[in-house]
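# Structural features, examined
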Amino acid sequence: MELMDPKNFYQVFKVLSEIFDDKLSKEATAIYYQLLKQYPIEELQAAAMNILQTYKYNCMPKPAEFIDAIYEIRQKKLIEKDDAIKKLYQNPSEEDLKKINDLVQAVADKCSAE
């Protein structure tokens, strides 16, 4: 997995430090980066927006709060995908049924060819 680009990370945290009026030292910012660099920048940005909408304190959120927000967003996406799959199986369109049948036939053809 590719690490987050430090420039993008620092841009996000520069804005957050302005919003929270909480200037992080270089050392503290480096620690945030070390703990959050494994996540894609898009997820960090989404987590930051989520925190800005729900955070009730006037200080910079701790790294764990960003990580919690990232996993909460991921969980919501999984639930949405799961709901979409359930809907597909509960009420498939003719086009969906054809795709499923074509896929089943392709697998059957491959198995019989072996």
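First, a word on scope: everything that follows refers to the structure included in this document.

## Description of the packing of aromatic side chains
- Evaluated as defined, the whole model comprises 10 aromatic pairs.
- Judged by centre distance (5.3 Å) and plane angle (80°), the rings of Phe-9 and Tyr-10 are edge-to-face.
- On the basis of relative accessibility, which here comes to 0%, the residue Phe-9 falls in the buried class.
- Taken together, the aromatic side chains of Phe-9, Tyr-10, Phe-13, Tyr-32, Tyr-33 and Phe-66 make up a single cluster linked through ring pairs.
- The ring centre of Tyr-71 lies 5.1 Å from the NZ or CZ of Arg-74, which sits over that ring.

## Let's talk about the packing of helix H1 (residues 6-19) against helix H2 (residues 26-36)
- Put simply, H1 and H2 touch, their axes get as near as 11 Å, and they point 120° apart. Overall, the two elements H1 and H2 adopt an arrangement that is oblique. Taken as a pair, H1 and H2 cross one another with a handedness that is right-handed. Touching Pro-6, Phe-9, Tyr-10 and Phe-13 of H1 are Thr-29, Ala-30, Tyr-32, Tyr-33 and Leu-36, all from H2.

## Regarding the nonpolar core
- Grouped together as the largest cluster of nonpolar side chains are 20 residues, with contacts concentrated most on Phe-9, Phe-13, Leu-16, Leu-36, Leu-44 and Phe-66.
- At the level of elements, H1, H2, helix H3 (41-54) and helix H4 (63-90) are the ones that each hand at least two residues to this core.
- Among the elements that make up this core, the one with the highest residue count is H3 (5 residues).
- For Leu-16, the residues in contact, after removing those within four places along its chain, are Ala-48, Leu-52, Met-60 and Phe-66.

## Re the pattern of salt bridges
- Per the stated rule, a full pass over the model turns up 4 salt bridges.
- Of the charged contacts, one joins Glu-43 and Arg-74 as a salt bridge, the two residues approaching to 2.7 Å between their closest N and O atoms. Residue Glu-43 is located in helix H3, and its partner Arg-74 is located in helix H4; the two are separated by 31 residues in the primary sequence.

## Comments concerning a nonpolar patch on the surface
- A contiguous nonpolar surface patch, about 470 Å² in accessible area, is contributed by Ile-85, Tyr-89, Leu-97, Ile-100 and Val-104.
- Elements that contribute at least two residues to the nonpolar patch include exactly H4 and helix H5 (94-113).
- When residues in the nonpolar patch are grouped by element, the largest group, 3 residues, is from H5.
- Along the chain, Ile-100 falls in helix H5.
- Overall, the relative accessible area of 33% leaves Ile-100 in the partly exposed class.

How each quantity is defined
- Residues numbered from 1 in each chain as written.
- Predicted model: local features only at pLDDT ≥ 70, side-chain atom pairs only at ≥ 80, totals over all residues.
- Heavy atoms only, no water.
- Phe/Tyr/Trp six-rings, centres within 6.5 Å; stacked < 30°, edge-to-face > 60°.
- Buried < 20%, exposed > 50% of the residue type's maximum accessible area, 1.4 Å probe, protein only.
- Lys NZ or Arg CZ within 6 Å of the ring centre and 35° of its normal.
- Axes fitted to C-alpha atoms, helices over the stretch in contact; angles between N-to-C directions.
- Helix = DSSP H or I, 4+ residues; strand = E, 2+ residues; numbered from the N terminus.
- Parallel < 35°, antiparallel > 145°, perpendicular 65-115°, else oblique.
- Left-handed = near helix turned anticlockwise from the far one by under 90°.
- Contact = heavy atoms within 4.5 Å.
- Core = buried A, V, L, I, M, F, W, Y, C linked by side-chain atoms within 4.5 Å.
- Salt bridge = Lys/Arg side-chain N within 4 Å of Asp/Glu carboxyl O.
- Patch = residues over 30% accessible without salt bridge, like charges linked within 9 Å, V, L, I, M, F, W, Y side chains within 5 Å.
- Areas by Shrake-Rupley, 256 points an atom, 1.4 Å probe, with all protein chains shown as cover.

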